[in-house]
Amino acid sequence: MMYRCGWGTKAGQETVLAVEITRDGFEWALRNACLSSYVRGVHPDRATWQRQLKHAPTRIQWDPERDLRLHALPYRSLQLGLSGEAVRRYADDWTVSISDVTPLAHEIHALVGNGDLESAARLLPQERPYPAPEELPAHVRP
């Protein structure tokens, strides 16, 4: 995700934060989410989707994941947008810790720029597929 802010170099996005939230909070957000775009077969019709989207406290978008050279990988990552009640819960209940990882983002960016992808990859936070509970809605799954 660090590349989306230009590794902390884009105007207005110079600080990169790592936010840890509770699993319960994340799963609440998923259970109360609506896809950010209409998908035939998931939604009965476009009007129903628009009503759901208007009232949903969270929105889901599935984006292609990227490697260090920004080439698309064969899987997608969840992008979750918060509004209304979800924002309050995020700020007041779910947040466990916030860490400034801007220096790390700059270091990884410099290594990528120098072509040292192996060293850059070693510095990336470990990512694992999320073991989503079965009761989560099907539209949450990519």
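Residues numbered from 1 in each chain as written. Predicted model: local features only at pLDDT ≥ 70, side-chain atom pairs only at ≥ 80, totals over all residues. Heavy atoms only, no water.

Undergrad: Is there a simple way to explain the layout of surface pockets in this structure?
TA: Here the idea is plain: a probe the size of a water molecule rolls over the atoms and shows the empty space left. A volume near 2,400 Å³ is recorded for the largest pocket. If you trace the largest pocket, you find 49 residues lining it, with Met-1, Val-19, Phe-26, Leu-78 and Glu-127 closest to the centre. Broken down by secondary-structure element, the contributors of at least two residues to the lining of the largest pocket are β1 (17-21), α1 (23-31), β3 (58-66), β4 (72-82) and α3 (85-94). Top contributing element to the lining of the largest pocket by residue count: β4, with eight residues. Considering only residue class, the lining of the largest pocket consists of 33 nonpolar, six polar and ten charged. (1 Å grid on protein atoms, 1.4 Å probe; cavity = no way out; pocket = protein on both sides within 12 Å on 5 of 7 lines; lining within 4 Å. Points joined across faces, edges and corners; volume = space filled by probe spheres on them. Helix = DSSP H or I, 4+ residues; strand = E, 2+ residues; numbered from the N terminus. Nonpolar A, V, L, I, M, F, W, Y, C, P; charged D, E, K, R; others polar.)

Undergrad: Help me understand the packing of aromatic side chains, please; the structure alone is not making it clear to me.
TA: Aromatic ring pairs are described here by two measures, namely the spacing of the ring centres and the angle between the planes. With the rule as written, the count across this model stands at three aromatic pairs. On the basis of an interplanar angle of 75 degrees and a centroid distance of 5.0 Å, the ring pair of Phe-26 and Tyr-130 is categorised as edge-to-face. Of this pair, Phe-26 sits in helix α1 while Tyr-130 sits in the segment after α5 (117-123), and the two are 104 residues apart along the sequence. The interplanar angle of 55 degrees and the centroid separation of 5.5 Å between the aromatic rings of Trp-28 and Trp-94 together place this pair among those described as tilted. In this pair, Trp-28 sits in helix α1 while Trp-94 sits in helix α3, placing the two residues 66 residues apart along the sequence. The exposure classification of Trp-28 matches that of Trp-94, with both residues buried. (Phe/Tyr/Trp six-rings, centres within 6.5 Å; stacked < 30°, edge-to-face > 60°. Buried < 20%, exposed > 50% of the residue type's maximum accessible area, 1.4 Å probe, protein only.)

Undergrad: I tried to follow the pattern of salt bridges on my own but got confused; where do I start?
TA: Proximity of charged atoms lets side chains of opposite charge pair with each other. Going through the model one piece at a time under the given rule, you end up with six salt bridges. In this structure, Asp-93 engages Arg-88 in a salt bridge whose closest nitrogen and oxygen atoms are separated by 3.4 Å. A salt bridge links Arg-122 to Glu-118; the shortest N-O distance between them is 3.2 Å. Residue Arg-122 and its partner Glu-118 are located together in helix α5, separated by four residues, close to a single helical turn. Several salt bridges share partner residues, and in doing so they unite Arg-88, Asp-92 and Asp-93 into one network. (Salt bridge = Lys/Arg side-chain N within 4 Å of Asp/Glu carboxyl O.)

Just geometry here; none of it tells us what the structure is for.
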